[in-house]
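# Residue-level structural notes
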Amino acid sequence: MSGIKGHHVALLMGGLSSEREVSLVSGRECGAALERLGAKVSYVDAGRDVAQVLTRLKPDVCFNALHGEWGEDGCIQGVLETLDIPYTHSGVLASALAMDKAKAKAVLAAAGVAVPGGGLFNRFEAASRHVMEPPYVVKPNAEGSSVGVFLVFEGANRPPQEIVAPSWTFGEEVMIEPYVAGRELAVGVMDGKAMTVTDIVPRTGFYDYDAKYGEGGSMHIVPAALPPHVLEKAMKLSEMAHAALGCRGVTRSDLRYDDVKDILVLLEVNTQPGMTPTSLVPEQAASLGVDFDRLVLWITEDAYARGSAGGIASASETSDQSVR
C-alpha cells in the first residue's frame, strides 16, 4: 500500500511564466502518478489567487510542478511557507539563488564548482557590439528551458537583435558567457546524491527549447559514454552545486564537456526539473530501476516528511525509496 494513499495533494501547475506549457505537461504526468498511488489530487493552475485557492483546499502537501518565473524563483515557495503547507523541491533561498544565473555562478565559484566566465550586460549594449569575442552564449539571467537563449558563432557579424526587440520580456540585463564546445551533459541529484550522467545529443545542433521538449528533438544517452574520470567529476560537481545553493529534494545540473580540451563546467542548477515524457530526471531514475510513480512518491514523501512531524511515511520507508 502506498504511503500517500488517501492523502490530499495539491498539484501546482501552469502558472504565469514563459514555461507554462511545459509545466502543464509536468503537472499532468505527476498528477496521474499520484492518483495511481491512491492520493486525492487537486489540480491547481497557479494564478495570483493561489493563496486563496490553497487556503480553501487545505491540502496535506503541495507538489510544485511549476517551472520558471514565480513558480521556481522563490516566490511561490514564500507563499507556501506563509501558508505553512509542506511543498516539494527547494526552499525560498535556494530557489531564488538558482534562478538568478549571475548570483548562482558567484556562489558556485566560491564553493569550488567550475563555471563558465562572462557576466551581466545591458541588453542594448550587448546588441550593439560584441562584448566578448565569439563564440559566446546570450541568455536571460532568470529564465529556464533555454527560453531566450542565443548562440553567437565565431565570425558572426553582429550580436542577436532579438534581445532588443519589443517582444523581449526577460529583463534589461542578459547573461553573456563563453561558449564551451563539446557535449551537453545533465546530472540528476536526489537527496544530495548524484543519480547518473546523461549525454544529450540535440538533433538541431543546439539544445534549445524545441530540442528539449519536442518529440524526437534530442537523443539521450544514459549513462553517458564518457571516461570514468569525467563521469565521476560531473556527478561530484553536481552534488557540490546542489549543496552550495542549499537545495533539497531533486535537482538537475546542466554541464558542458569539451572532450578535446578535457574541460568540464557546470552551467546551472534546475531546482524543479521537468517531469515530462522527454524529461531527463525521470529517465535517469528509470535507468537505475526507479519507475516514474516511485520517483513521484519519493519527491512527495520527502516534502511531507520535512514539513510534518513524522511525515506520510516513516523515516525508514522514505529512505528505502531513495535513489542511491
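Refer to the preceding data block for the structure.
What counts and what doesn't
Residues numbered from 1 in each chain as written. Predicted model: local features only at pLDDT ≥ 70, side-chain atom pairs only at ≥ 80, totals over all residues. Heavy atoms only, no water. Core = buried A, V, L, I, M, F, W, Y, C linked by side-chain atoms within 4.5 Å. Buried < 20%, exposed > 50% of the residue type's maximum accessible area, 1.4 Å probe, protein only. Helix = DSSP H or I, 4+ residues; strand = E, 2+ residues; numbered from the N terminus. Contact = heavy atoms within 4.5 Å. Pairing = 2+ DSSP bridges. Axes fitted to C-alpha atoms, helices over the stretch in contact; angles between N-to-C directions.

Time to look at the nonpolar core. Core analysis: the biggest nonpolar cluster contains 28 residues, and Leu11, Leu34, Phe63, Leu295, Val296 and Ile299 have the highest contact counts within it. Looking at this core, the elements with two or more residues in it are strand 1 (8–13), helix 1 (20–36), strand 3 (61–64), helix 9 (280–287) and helix 10 (292–307). Per-element accounting of this core gives the leading share, seven residues, to helix 10. For Leu11, the contacting residues outside a window of four places in its chain are Gly27, Cys30, Gly31, Leu34, Val41, Ser42, Tyr43, Val44, Phe63 and Ala65. In terms of nonpolar packing, the next biggest core, distinct from the first, is built from 24 residues, Val113, Leu185, Leu245 and Val269 among them.

With seven of eight residues buried, strand 12 (residues 263–270) is to be regarded as a mostly interior element. Following strand 11 (residues 250–258), the chain reverses through four residues before pairing antiparallel with strand 12; Asp262 in that reversal takes a positive phi of roughly 55°.

Turning our eyes to something else, we now look at the sheet that holds strand 6 (residues 150–152). On the basis of which strands lie adjacent, the open sheet formed by four strands has the order 4-7-5-6 and antiparallel pairing. Edge positions in the open sheet fall to strand 4 (119–122) and strand 6, since each of these has one partner strand only. Each strand axis lies, on average, 30° off the axis of its neighbour in the sheet, ignoring direction. Pairing geometry for strand 5 (residues 136–140) and strand 7 (residues 173–178), over five bridges, is antiparallel. What sits directly across from Tyr136, in strand 7, is Pro178. Here helix 5 (residues 101–110) sits on the sheet in contact with strand 4, strand 5 and strand 7, set at roughly 45° to strand 7.

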